[in-house]
Amino acid sequence: MPHLFDPLAIGPVHAPNRIAIAPMCQYSSNDGCASDWHLQHIPMMAMSGAGLVILEATGVERAGRITHGCLGLYSDDNERALRRALEAAKAVALPGTLFGVQLAHAGRKASSQIPWKGGSWLRPDEDPWRTSAPVAEPFAEGWPVPVALDDAGVQRLIDSFAEAAGRAARIGFDVIELHMAHGYLMHEFLSPLVNRRSDKWGELSRFPLEVGRAVAAAIPKTMAWGARITGSDWIEGGITPVDAARFAGELRRAGAHFVDVSSGSVSPQARVQIGPGYQVPFAAEVKRANPDLVVSAVGLIVDAQQADGIVSSGQADQIAIGRGALDDPRWGWRAAEKLGVEITRPPQYARTAPKLWPGAALIRPA
Ligand SMILES: Cc1cc2nc3c(=O)[nH]c(=O)nc-3n(C[C@H](O)[C@H](O)[C@H](O)COP(=O)(O)O)c2cc1C
């Protein structure tokens, strides 16, 4: 009996199944505003069969974007543009689909080129901006040296996260995911490899927890919030799965409803061991230590049986699909077919259901 299509309560909201679309930068925004690309992309993900669609890393301030093409929620124009894209997505979404946005600040990895223009730091003729971080040390050799945030700067960013969360609530999102991973600002505070401050913000989890509390206070109780966290820095002396489980507990006590366990990217020195479901053991460790917290697993989960196995065995409550959903934007429909589960399709496309398409099973490749 598969469990991938069981409903899931995430704090106050209910996802119709255990599949999420992982946040994926599209690098297609104009000064943080969603574009026509998003009007196509987000509705496409909304019709994937996933119960929760989490939108890409979205800068809480202009300088918090990774690239000039990143989405933002720091202006009224941003809010208007994203509202339009979300409304388009809701118009085609399968019943009950939840929408989340990943609020982020890129810290010392901001001011970067979009990947297909190099992916490195912006050069002087590419309109770079000053980056900020817990310490005035660059991400890697050659990268710009960030400004070390002072107390007022940290406080201002906590307020920016809360303000962006308020905008997300007004637009109509159900879920907020705080980006605390991948070497961006909150991860820089969390990792002992980066945060060597001697003031109160040198307490590794202090800033991310304050952000969480401020965001929780800025959104209605009908919304869920949580974070993408690091299961491992993949470097000696960095964050370990045990640290991740402990931090997830701190988030839970701060009121978070879920965590999504990723890893890596705090330093180019990380030696990530990639393979099918390579981050699932981290999610499982976090789940074991925090049975009351909704835990999502991500990373090379590509196959329906594999996804169902992770959920059915209790290693995680939910799985997130990234690249697999870009490749097959009906990933959820395919998974349902493979697991013998019926899901609702939009009435306009209802005749694509195998049972209403006699002979379909015969002409489909095995
Ligand atoms: C195009 C692309 C953009 C991404 N952007 C983000 C992002 O905005 N925030 C984030 O936390 N992870 C981001 N990721 C990582 C994915 O969310 C996911 O964790 C990763 O791709 C592993 O899952 P997968 O093997 O199913 O793709 C991105 C990945 C891809 C492929």
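Predicted model, so just to flag it, every value in this text is computed and none were measured.

Reading the values: the criteria
Residues numbered from 1 in each chain as written. Predicted model: local features only at pLDDT ≥ 70, side-chain atom pairs only at ≥ 80, totals over all residues. Core = buried A, V, L, I, M, F, W, Y, C linked by C-beta atoms within 7 Å. Buried ≥ 20, exposed ≤ 12 C-beta atoms within 10 Å, placed from the backbone. Helix = DSSP H or I, 4+ residues; strand = E, 2+ residues; numbered from the N terminus. Contact = placed C-beta atoms within 7 Å. Near = placed C-beta within 6 Å. Nonpolar A, V, L, I, M, F, W, Y, C, P; charged D, E, K, R; others polar. Axes fitted to C-alpha atoms, helices over the stretch in contact; angles between N-to-C directions. Parallel < 35°, antiparallel > 145°, perpendicular 65-115°, else oblique. Left-handed = near helix turned anticlockwise from the far one by under 90°. Expected span 1.5 Å × (residues − 1).

A. Quick look at the nonpolar core. Residues I21, L103, I176, V259, I319 and I321 are the most contacted members of the largest nonpolar core, which totals 105 residues. No other element matches helix α3 (residues 151-171), which puts eight residues into this core. Here I319 is in contact with R18, I19, S296, A297, I301, A307, I310 and V311, once residues within four sequence places are set aside.

B. Representation of the site of the ligand within the structure. Surveying the vicinity of the ligand reveals 19 residues, the closest of which are A22, M24, A57, G322 and R323. Mapped by element, the contributors of at least two residues to the shell around the ligand are β4 (52-59) and α9 (323-327). Among the residues forming the shell around the ligand, the class breakdown is nine nonpolar, seven polar and three charged.

C. Spotlight on the environment of E188. If you trace the backbone, E188 turns up in helix α4 (residues 185-190). Taking the C-beta count within 10 Å as the criterion, E188 has 27 such neighbours and is therefore assigned buried. Those residues in contact with E188, other than ones at most four positions away along the chain, are G107, R108, A133, P134, G183, V194 and N195.

D. Looking closely at the packing of helix α2 (residues 76-92) against α3. One way to put it is that α2 packs onto α3 with a least axis distance of 10 Å and a crossing angle of 40°. Here α3 runs oblique to α2, going by the angle between their axes. Crossing angle aside, the handedness with which α2 passes α3 is right-handed. Here α2 contributes E79, L82, R83 and L86 to the contact with α3, which in turn contributes R167, R170 and I171. Counted by class, the contact of α2 with α3 contains three nonpolar, no polar and four charged residues.

E. How the structure looks around α3. Between its first and last C-alpha, α3 extends 31 Å over 21 residues, near the 30 Å set by a 1.5 Å rise per residue. Taken as a whole, α3 has its buried residues at V154, L157, S160, F161, A162, A164, A165, R167, A168 and I171. Those residues of α3 that are buried are in contact with α2, β6 (98-104), β9 (175-179) and α5 (206-218). Where α3 terminates, the next one or two residues include G172, which has phi positive at roughly 115°.

F. Spotlight on unusual backbone geometry. In this structure, D127 is a non-glycine residue whose phi angle is positive, near 55°. Relative to the helices and strands, D127 resides in the loop between β6 and β7 (132-133). Look at D127 and you get exposed, because 9 C-beta atoms sit within 10 Å. Even without glycine at this site, H182 takes up a positive phi of about 60°. Relative to the helices and strands, H182 resides in the loop between β9 and α4. Classification of H182 by C-beta neighbours within 10 Å gives buried; the count is 20.

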